[in-house]
Amino acid sequence: MTYKITRRDLLNGMAIGASGLVLRAHGANPTRTASLQASGQAAKPSYPPTLTGMRGSHPGSFETAHALAWRGEKPKQYQELGQHFDLIVVGAGMSGLAAAWYYQQKIGADARILLLDNHDDFGGHAKLNEFHADGRMVLGLGGAQNIENPDGYSENSAHLMSAIGIDESTMAEMASNTPNDDFLGGKLHANVGMTVHTADSVKTLGGHWLKFFHGRGDFKAAIRTLTLEIEEQDRLIAFCGGERDYLDDLSLTEKYAYVNTTSYNRFLIDKVGLTEQSAQLLTVHLRILNGPSGWNHTVLEAIAAGAPGLRAMGWISNLADSVGAFYLDHFTEIVMFPDGNASIARLIVQKLIPAVAPNMRGVKDVAITHFDYSKLDRLDQPVNIRLSSSVVGVRESSGSAGEQNHVEVDYVQDGKASRITADHCVLAC
């Protein structure tokens, strides 16, 4: 039997992660890649998807905001550009792009809309990472990865997804085209390898370590392959298998206080008796998912984020863990594009500004289609996206006699302070 379980259900109800994930890269059509390289498009440094380094809040995206937030500094004068829009959206991530699309649907195709974003690319947490090596284009995730099945969406949300080509049939096709060994693509029974340090190098261990660390599968044999002392392996096996309640000396009230105030690593070392080396194996995925380590998560925060441990806190927690195991065993409805949800952002952008990729066919080629960023901000088209533009002020302004009220928006781009106006403004930032 197949159970319909959403990604939100999964993240709320089960533990995800291992000490290191071995991810399979998604390769694009080599013919397509060759044509891009021949035209010189893919290698241009002005094409954000090909830029490397830290691509979240990258240099150039935060300085203006930090000056305002930390020191109260912002420009004293702004150049009036004389540009007026029906709608200005602050933020060109998913919600900003969706706001622009909904407004266009309501007002009409001729509605003049401008999206401002402080980053050099659109999509927010769903950006395209495009790498070129040995004549091949490889796509990576820029953040948000998978799609929840649209049958659980609100009518409005499902309408948007359907408009950009994502519906039940699309999801089914994506699932059937996803290789069976692609864990992140929704094949949750595929192996999740773990990379560990050795005396002079590192090595990758095969197997489903996501299940192993939660006491599923042949976890005892898997743990015996780790380069740990036998006694340490025994402690790890007992912990993952839920052989005892490590907080049995505390009352229920004391347990609750403990898991809310004690770091996860401290729990692993003090209560479980693991070494810091072993604790690292269980908490590296917290860095992958959340950033901070197990020292910076309480026990409750860590377990809520997917770290092992519910089985080691008594029968109530064991029951909750069995629910998590159910999700792990039966969760099937997760699909994703090769570049994660960057494709969704790109599908919306192409609907708003067709000139960026006039020959794109939709979901079938969005992940490998080159977008012309020079077409994002041209005042001869209804919708524009203005990147590297940090908004520092939004206010309602009374019009002069006979004129209606409007919204003034101040922003900084390349050190230049500008002011534009609109009838309406949405803060999607």
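Now for a quick tour of the structure.

Scoring rules and cut-offs
- Residues numbered from 1 in each chain as written.
- Predicted model: local features only at pLDDT ≥ 70, side-chain atom pairs only at ≥ 80, totals over all residues.
- Heavy atoms only, no water.
- Helix = DSSP H or I, 4+ residues; strand = E, 2+ residues; numbered from the N terminus.
- Polar contact = N/O pair within 3.5 Å; in protein donor to acceptor, adjacent residues only side chain to side chain.
- Contact = heavy atoms within 4.5 Å.
- Core = buried A, V, L, I, M, F, W, Y, C linked by side-chain atoms within 4.5 Å.
- Buried < 20%, exposed > 50% of the residue type's maximum accessible area, 1.4 Å probe, protein only.
- Arc of directions from axis to C-beta.
- Axes fitted to C-alpha atoms, helices over the stretch in contact; angles between N-to-C directions.
- Parallel < 35°, antiparallel > 145°, perpendicular 65-115°, else oblique.
- Left-handed = near helix turned anticlockwise from the far one by under 90°.
- Nonpolar A, V, L, I, M, F, W, Y, C, P; charged D, E, K, R; others polar.
- Pairing = 2+ DSSP bridges.
- Phe/Tyr/Trp six-rings, centres within 6.5 Å; stacked < 30°, edge-to-face > 60°.
- Lys NZ or Arg CZ within 6 Å of the ring centre and 35° of its normal.

## Some thoughts on the side chain of serine 61
Move 1: The topology assignment puts serine 61 in the loop between helix H2 (30-39) and helix H3 (63-71).
Move 2: One polar contact links the side chain of serine 61 to the main-chain carbonyl oxygen of histidine 58, over a distance of 2.6 Å.
Move 3: Those residues in contact with serine 61 that sit more than four places away from it in its chain are Asn118, His119 and Ser390.

## A few points about the nonpolar core
Move 1: Counting 40 residues, the largest nonpolar core has Leu115, Phe122, Ile147, Ile166, Phe371, Leu376 and Ile385 as the members making the most contacts within it.
Move 2: Where this core is concerned, the elements lending two or more residues are strand E2 (79-90), helix H4 (94-107), strand E3 (113-116), helix H5 (155-163), helix H6 (168-177), helix H15 (342-352) and strand E8 (383-386).
Move 3: With six residues, the single largest contributor to this core is H15.
Move 4: Setting aside its immediate chain neighbours within four residues, leucine 115 contacts Val89, Gly91, Ala92, Gly96, Leu97, Ala100, Val383, Asn384, Ile385 and Arg386.

## So, H6
Move 1: Where H6 is concerned, the buried positions are Thr170, Met171 and Met174. Looking down the long axis of H6, one finds its buried residues gathered within 100° of arc, a one-sided arrangement. Pointing more than 90 degrees away from the buried face of H6 are the exposed residues Ser169 and Ser176.

## So, unusual backbone geometry
Move 1: For serine 388, which is not a glycine, the phi torsion comes out positive at approximately 50°.
Move 2: Inspection of the secondary structure puts serine 388 in the loop between E8 and strand E9 (389-397).
Move 3: We note that aspartate 414 has phi near 55°; this positive angle belongs to a residue other than glycine.

## Regarding the packing of H4 against H15
Move 1: Orientation of H4 relative to H15, taken along the N-to-C sense of each, is 30°, at an axis distance of 10 Å. One finds that H4 runs roughly parallel with respect to H15. H4 and H15 meet at a crossing whose hand is left-handed. Here Met94, Leu97, Ala100, Trp101 and Gln104 of H4 come into contact with H15, specifically with Ile344, Ala345, Ile348, Val349 and Leu352.
Move 2: The class makeup of the residues in the contact of H4 with H15 is nine nonpolar, one polar and no charged.

## So, the sheet that holds strand E10 (residues 406-413)
Move 1: With mixed pairing, the six strands of this open sheet are ordered in space as E8-E3-E2-E11-E10-E9. Because the sheet does not close on itself, it has two edges, and the strands there are E8 and E9. For this sheet the average axis-to-axis angle between neighbouring strands, irrespective of direction, equals 40°.
Move 2: Direction of pairing for E2 relative to strand E11 (residues 416-427): parallel, over a ladder of eight bridges. Along E11, the bridge assignment pairs histidine 84 with threonine 421.

## Thoughts on the pairing of strand E7 (residues 202-205)
Move 1: Pairing of strand E6 (residues 194-197) with E7 involves four bridges; the strand directions are antiparallel. The residue of E7 that forms the bridge with histidine 197 is valine 202.
Move 2: Count of turn residues in the E6/E7 antiparallel hairpin: four residues.

## Some remarks on the packing of aromatic side chains
Move 1: Per the counting criterion, the structure on display carries 10 aromatic pairs.
Move 2: A ring pair is formed by tyrosine 258 and phenylalanine 267, whose centres lie 6.4 Å apart and whose planes are at 70°; its orientation type is edge-to-face. Comparing tyrosine 258 with phenylalanine 267, the two get one shared label, buried.
Move 3: Members of the aromatic cluster, connected to one another through ring pairs, are Phe239, Tyr246, Tyr258, Tyr264 and Phe267.
Move 4: Against the face of tyrosine 258 rests lysine 271, its NZ or CZ located 5.4 Å from the ring centre.
Move 5: Above the ring of phenylalanine 371, the side-chain terminus of arginine 346 is found at 4.1 Å from the ring centroid.

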